[in-house]
Amino acid sequence: MLVSVYRYNPETDREPYMQDVEVSLPEGKDLMVLDVLNLIKERDQSLSYRRSCREGVCGSDGVNMNGKNGLACITPVSEVATSGKLVVRPLPGLPVIRDLVVDMGVFYKQYQRIKPYLQNSTPAGGRERLQSPEDRAKLDGLYECILCACCSTSCPSFWWNPEKFVGPSGLLQAYRFLADTRDEATEERLADLDDPFSVFRCRGIMNCVSVCPKGLNPTKAIGHIRDMLLSRAT
Amino acid sequence: MTALRKLSFDAVVIGGGGAGMRASLQMAQSGFKTACLTKVFPTRSHTVSAQGGITCAIASADPDDDWRWHMYDTVKGSDYIGDQDAIEYMCSVGPEAVFELEHMGLPFSRFENGRIYQRPFGGQSKDYGAGGQAARTCAAADRTGHALLHTLYQANLKNNTTFLNEWFAVDLVRNQDGVVVGVIAIEIETGEVVFVESKATVLATGGAGRIYASTTNAHINTGDGIGMALRAGYAVQDIEMWQFHPTGIYGAGTLVTEGCRGEGGYLINKDGERFMERYAPNAKDLAGRDVVARSMMTEILEGRGCGEQGDHVFLKLDHLGKEILHSRLPGITELSKTFAHVDPVNAPIPVVPTCHYMMGGIPTNVNGQAITQVNGKDQIIPGLYACGEAACVSVHGANRLGGNSLLDLVVFGRAAGIFIEEQLQQGIEYNQASEEDVDRAMGRLNQLDSNDNGEDTAQLKKELQSCMQNYFGVFRDGEYMKKGREELDAMRDRVANIAISDKSKAFNTARMEALELQNLFEVAEATAIAADERTESRGAHSRGDYPERDDKNWLCHSLYHPETKKLTKRDVNFKPKTVETFEPKVRTY
C-alpha cells in the first residue's frame, strides 16, 4: 500500500514535504494506522510520532488521516484509505516540532485556563461527598475526554483564535466542572468565560463532534455554557 | 566533562502516572519545589488504561465491610509472600486515600444512596474468606484509571507542581558517598541533556510489560526505573513474579477488565462449558488471576480452546443485557468492537492470558525508601525512593489482586510524599555530585551517541520479546528457562552495542527507543534468572518441574543482584502492627 507521510526535521529540512512509502501489509488483517506507522519506523528510525496506550485511551497519537483527525491506534487503515492510499499528516493548526509531532502548548494552555479541577471549600468530613446517580450521569459524555486535541485542531474558530477562543476540548472540560453538583465555583467559572471570544467564537461548525474519537459532543456542551451565560446576563 | 545545564528541586519524581503524580501532589501541596519528570504528557501514562477500579474497604456496598478482610484477601492472593506490615498499611489507610481522590473530583459511579459504587472483583471475600464474595472495588464505570489519572493531573495543576513533560530520564546520578543526588534527563523536544539535581529522587516509572511479545501494557512500559536501579547496582525483588491477566483480547492484547466477570460475565471453552466451575468451585470466574489464567491455558492445551487454532477461550457477556453493558462497561464494549470486531451485546469476546503486571520491583519500606541488602541486612539507599508498579513494597507478593494496583499507587505515592515532606521540613541539604559522578551517569548515553555501527533496536526488541514469551510465560520449566537464559546471554553484548542511524536532537524517538530497549533487557534478564532460580511454584510463578509451593525453602522474597547476577533471599514481613499474623495456608478458591 502506498503511504504518504508528512516529514519535517527542523535540523535538516528547510521545509516540510510529503514522503511516499510503499508498505506491504499482511494479508487478511486490517491494521490500524499506528501499526502502519510502526512498520515504517522499523525501516526508517527517523520518523517521529507520539504513541503510548495503542488502545484509544491515552490520546497521544492524534493525527490527520486522509483529511480527517483521529487516533492512529484505533483507526483501521480500510476506514480512511478508501482510495487505496493512506495520507498521514500532523494535526492541523498547531506548530510542527518534527514529522507528526505537534507543539500542543496552546491547547494545554486553554485547558489550564478553565481551571480544570473541582472547587469546593466546604469541609467534606471523613467520607466521600454524596452524589446521586442522576447527578453523576450529568458528567457522562464530558469526563471521558482524553485531551487528544483532535477536536480543537479541526475547529476553524480555534485555528483563527487559538489564544482567545478556549476551543471545543477546553469548553467540554469547562462544562464538566459546571455540571458537577460537587463544584461550588459556577459563578466564577462563568465570569471567566463571559467575553466575546472564550465561548462565543464557536460557530456551531461541529467538526469537533464529527472527529471526536470518544464519541463526545463538545458543541452540545458549549450550547449549555452559552445558555448559562445568557441566563446569567438577564 | 560535558557542561550540562543543571536544574535543582527539593524533590524530583520520575514518572507522571498515578503513583508519581500522587507523590508530587503531596509535596507540592506543602509548598516544596517539586518536579514531576515524565517521558510522556502525564495523562498519556499507563494508569489511564486501568479499567475496573480501585479496591478498598470504604464500606459503601457493604456497610459492615472491614479493611482487615481486604488485608486477608491480599495476603492470601499474594500466596503469602506479600509483606503483612505493608498490606496492613495499604488496606487501613486506603479509605482515606480514596476519599481524598473523591474530594479532588474523581467522578466515581454511584449507588442510589449517593455513595461510591463498588463492584465485585476476583479474590475478594467477606469475613476472612468465610462470608462469600465481597464487592469492594470502587469504580468510575470501566474507566477508573482514566478518571483517576486526570483527577491527579488536575490536582497537581491546582497545586503548582512543576511538570517536566516529555523529558526522558536516562540514569541516576550517585555521588561517592553512595547518595542518589538526581538524574540525567533528555528534554525530548530539543534533545538537550540536563542534570536534574534533587534532595529526593522518586522512581515512579511503572511496569515493563513490553518485555513480552503479548501484553496489555502500553508501548511506554519499558521499565526505565528498574533499568536505572539495576545499572546503579541496586537489587530488585521478586522480579520473577509477572501477572498474566486472564482476559487480554485475543490477537491484540488489549485489556478487558476483570470487572466484566465481577458484573456477572464468565469464561467458556469451545463446548460452551463454564470451565472455571471445575477449577475453582467456590469463586469460579472470580478466583485469583493466576488461577484463572492457568485454568484457561490448561483448557487450551488440552484441546478445548476456541477458534480455528483452538488457541483462546471466550468471555461471555451478552446475558448481562445491553443496559448493564452500556452503563457499567461502556469502554469494554468500545474496545471489543475495535479490536475483536465483536459487539459483546451479541457475541462473546475472544480472550487469552496476556502479560499485565510486574509484581516485583525496587524493594522499599512503607515510606517509599528504596532498600538494598548488604551482607544479608537491609540498607536504605540514601536519596532514592520508589512507588507504584516500579516498587516492590511488597503488597502483591506472588500475585496481585485486581483493583489493588490503583490502591497501591495512591497509598504509597502518598506515603512516599508524606515521608519526603517530613524529611524536607527537618531540613535536608543537596548532596554534591562531582564531575566524575555526572560523567559516570552519562556513560550509556555517550556510548549510544558515539556508536556508528551496531545493532538495530527494532530487530533486537522482537528477539527479546519472543524469547521472554516462549520461555518465561504462564507455565515455566527449568529446561526451557535454561534455553531462554542462553538466548539472553547471547543478546547482552548486542543490546549494549545498539546504534542509531538518526542522531538528530529534536524529538528523536529512535534514541529513546534504544534507551528503552536497554531498560527492557535489564528487566528481562533479571526476570529470567530469578524465575529459573526460584525452584517452586507460587502465585504467578508456575513451574512444571517444581509444581508445588515450597514453604520450607521459598516462603521469602527473592533479591536479584545485578553485579553478581545472583539471587539471594530476603525475609517476608509477618508482623502486622494491629492485627494477628495471617499464617500461610493452602490457597484454594
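First things first, this report covers the structure right here in the doc.

Calculation rules
- Residues numbered from 1 in each chain as written.
- Chains lettered and ligands numbered in written order.
- Predicted model: local features only at pLDDT ≥ 70, side-chain atom pairs only at ≥ 80, totals over all residues.
- Heavy atoms only, no water.
- 1 Å grid on protein atoms, 1.4 Å probe; cavity = no way out; pocket = protein on both sides within 12 Å on 5 of 7 lines; lining within 4 Å.
- Points joined across faces, edges and corners; volume = space filled by probe spheres on them.
- Helix = DSSP H or I, 4+ residues; strand = E, 2+ residues; numbered from the N terminus.
- Nonpolar A, V, L, I, M, F, W, Y, C, P; charged D, E, K, R; others polar.
- Contact = heavy atoms within 4.5 Å.
- Buried area = accessible area lost by both parts, 1.4 Å probe.
- Salt bridge = Lys/Arg side-chain N within 4 Å of Asp/Glu carboxyl O.
- Polar contact = N/O pair within 3.5 Å; in protein donor to acceptor, adjacent residues only side chain to side chain.
- Pairing = 2+ DSSP bridges.
- Axes fitted to C-alpha atoms, helices over the stretch in contact; angles between N-to-C directions.
- Parallel < 35°, antiparallel > 145°, perpendicular 65-115°, else oblique.
- Left-handed = near helix turned anticlockwise from the far one by under 90°.

### Observations concerning empty space enclosed by the protein
Considering all chains together, one arrives at 10 cavities of 30 Å³ or more under this definition. Lining the largest cavity are 50 residues; nearest its centre among them are B:His46, B:Thr47, B:Gly206, B:Asn221 and B:Glu389. Of all the elements in the fold, those that place two or more residues in the lining of the largest cavity are helix 1 (18-29), strand 2 (34-38), strand 7 (167-174), helix 5 (224-231), strand 14 (349-358) and helix 11 (404-426) of chain B. Taken together, the residues that form the lining of the largest cavity break down as 17 nonpolar, 25 polar and 8 charged. Looking at the second largest cavity, its volume works out to about 220 Å³. For the second largest cavity, the lining is made up of 18 residues, of which A:Arg50, A:Arg51, B:Val40, B:Thr509 and B:Met512 are closest to its centre. Here the lining of the second largest cavity takes 4 residues from helix 15 (residues 509-533) of chain B, the largest share from any one element. Here the residues of the lining of the second largest cavity are counted per class, giving 8 nonpolar, 2 polar and 8 charged.

### A few points about the interface of chain B and chain A
With 64 residues of chain B in contact, the opposing surface of chain A contributes 59 residues. In total, about 5,000 Å² of surface goes out of reach between chain B and chain A, with carbon and sulfur atoms giving 49% of it. Viewed at the interface, chain A and chain B are joined by 8 salt bridges. The salt bridge involving A:Arg98 is made with B:Asp502; its shortest N-O contact spans 2.7 Å. Here chain B is connected to chain A by 40 residue pairs in polar contact (both at pLDDT 80 or more). Those elements giving two or more residues to the side of chain B that touches chain A turn out to be helix 3 (84-104), helix 4 (144-158), helix 10 (330-340), helix 13 (457-471) and helix 15 of chain B. Examining the composition of the side of chain B that touches chain A, we find that 7 residues originate from one element, helix 4 of chain B, more than from any other. In the side of chain B that touches chain A, the residues fall into 26 nonpolar, 22 polar and 16 charged.

### Looking at the sheet that holds strand 1 (residues 2-7) of chain A
All names here are of chain A. One open sheet holds the 5 strands; their spatial order is 2-1-5-3-4, and the pairing between them is mixed. Each edge of the sheet is formed by a strand with only one pairing partner; in this case those strands are strand 2 (17-22) and strand 4 (68-71). Taking each pair of neighbouring strands and ignoring which way they run, the sheet shows an average axis angle of 30°. Pairing of strand 1 with strand 5 (residues 85-89), which is carried by 4 bridges, proceeds in the parallel orientation.

### Some thoughts on the packing of helix 6 (residues 167-178) of chain A against helix 7 (residues 186-193) of chain A
All names here are of chain A. Two elements in contact, helix 6 and helix 7, have axes whose closest approach is 10 Å; the angle formed by their N-to-C orientations is 155°. It follows from the interaxial angle that helix 6 and helix 7 lie roughly antiparallel. Judged by the sense of rotation from one axis to the other, the crossing of helix 6 with helix 7 is left-handed. Contacts between helix 6 and helix 7 involve Leu171, Ala174, Phe177 and Leu178 from the first element and Thr186, Arg189, Leu190 and Leu193 from the second. Here the contact of helix 6 with helix 7 is built from residues that sort into 6 nonpolar, 1 polar and 1 charged.

### Brief notes about the sheet that holds strand 22 (residues 566-570) of chain B
Residue and element names in this part refer to chain B. With antiparallel pairing, the 3 strands of this open sheet are ordered in space as 10-21-22. Whereas interior strands pair on both sides, the edge strands pair on one side only; in this sheet they are strand 10 (236-237) and strand 22. Where strand 21 (residues 557-561) meets strand 22, 5 bridges bridge the pair, whose relative direction is antiparallel. Residue pairing for strand 22: His557 is matched across the bridge by Arg570.

### Some details on the pairing of strand 17 (residues 377-386) of chain B
All names here are of chain B. Two strands pair when backbone bridges link them, and strand 9 (residues 192-203) and strand 17 are joined in this way by 3 bridges, in the parallel orientation. If you follow Val202 over to strand 17, its bridge partner there is Tyr385. Pairing of strand 16 (residues 369-374) with strand 17, which is carried by 5 bridges, proceeds in the antiparallel orientation. From the neighbouring strand, Thr372 faces strand 17, where its bridge partner is Gln379. Linking strand 16 to strand 17, which pair antiparallel, is a turn of 2 residues; within it Asn375 sits at a positive phi near 50°.

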